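Letter by letter, the chains look like this.
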Amino acid sequence: MALTFCDQGLNTYQALAAAGITPSRSRTYTRAEIEDALTSVTGSEVVLGCQRGKLTEAWYSFNVKGSLQAGEFVPTSPVGKSGRGSCPARGIKYVPKN
């Protein structure tokens, strides 16, 4: 799956919601659940970032064919990131924004 710069297909919040992963102060999720939901957006691996057990970041990796503005974004495996990010295997909180 390739994306263009203006493509609306890369929406982290919508991908999580479509997989039943919604903000909550009490419910927790596994890293695998979140990764699977976000991988479905790009077809490529995603790296998650957490602080104190709360999901704070999702990194997607792409190669760009052509210019950044008009090019085609091709999903690729993450480079330069060791391991699986900073999230635990389970017990991840996805809290509502304040």
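For the structure, check the block above.
Rules of the game
Residues numbered from 1 in each chain as written. Predicted model: local features only at pLDDT ≥ 70, side-chain atom pairs only at ≥ 80, totals over all residues. Heavy atoms only, no water. Core = buried A, V, L, I, M, F, W, Y, C linked by side-chain atoms within 4.5 Å. Buried < 20%, exposed > 50% of the residue type's maximum accessible area, 1.4 Å probe, protein only. Helix = DSSP H or I, 4+ residues; strand = E, 2+ residues; numbered from the N terminus. Contact = heavy atoms within 4.5 Å. Pairing = 2+ DSSP bridges. Disulfide = S-S within 2.5 Å. Patch = residues over 30% accessible without salt bridge, like charges linked within 9 Å, V, L, I, M, F, W, Y side chains within 5 Å. Areas by Shrake-Rupley, 256 points an atom, 1.4 Å probe, with all protein chains shown as cover. Salt bridge = Lys/Arg side-chain N within 4 Å of Asp/Glu carboxyl O. Lys, Arg positive; Asp, Glu negative; His and termini not counted. Charge placed at Lys NZ, Arg CZ, Asp CG, Glu CD.

**Examining the nonpolar core**
For soluble globular proteins, the rule of thumb is that nonpolar side chains tend to be buried together. Counting residues in hydrophobic clusters, the biggest one holds 16 residues, and the most contacted among them are Leu16, Ile21, Ile34, Leu38, Leu48 and Leu55. Breaking this core down by element, the ones donating at least two residues are helix 1 (12-18), helix 2 (31-42), strand 3 (46-51) and strand 4 (54-60). Looking at this core, the element that brings in the most residues is helix 2, giving four residues. With near-sequence residues (within four places) excluded, Leu38 lies in contact with Thr12, Ala15, Leu16, Val46, Leu48, Ala58 and Tyr60.

**Details of the pairing of strand 3**
For a regular strand, the rule is simple: side chains alternate between the two faces of the sheet. Across the six residues of strand 3, five count as buried, placing the element largely inside the fold. In this structure, strand 3 lies alongside strand 4, joined through six bridges in antiparallel fashion. The partner of Val46 across the bridge, within strand 4, is Tyr60. Counting the residues in the hairpin turn of strand 3 and strand 4 gives two residues, including Arg52, whose phi is positive at 50°.

**With respect to the state of the cysteines**
Each disulfide consists of a covalent bond between the sulfur atoms of two cysteine residues. Using the criterion set out here, one finds one disulfide in the structure. Between the sulfur atoms of Cys50 and its disulfide mate Cys87 the distance is 1.9 Å. Judged by the torsion about the S-S bond (90°), the Cys50/Cys87 disulfide is right-handed. Of the two residues, Cys50 is situated in strand 3 and Cys87 in the loop between strand 6 (72-75) and strand 7 (92-93); the sequence distance between them amounts to 37 residues. Exposure class is identical for Cys50 and Cys87. Each is buried.

**Re the pairing of strand 6**
Here strand 5 (residues 62-65) pairs with strand 6 via four bridges, running antiparallel. Following the sheet pairing, Lys65 is matched in strand 6 by Glu72. Counting the residues between successive antiparallel strands, the hairpin from strand 5 to strand 6 contains six residues, one of them, Gly66, with a positive phi of roughly 95°.

**Comments concerning a positive patch on the surface**
On the surface, Arg25, Arg52, Lys54 and Lys93 cluster together to form a positively charged patch. Inspection of the secondary structure assignment puts Arg25 in the loop between helix 1 and strand 2 (28-29).

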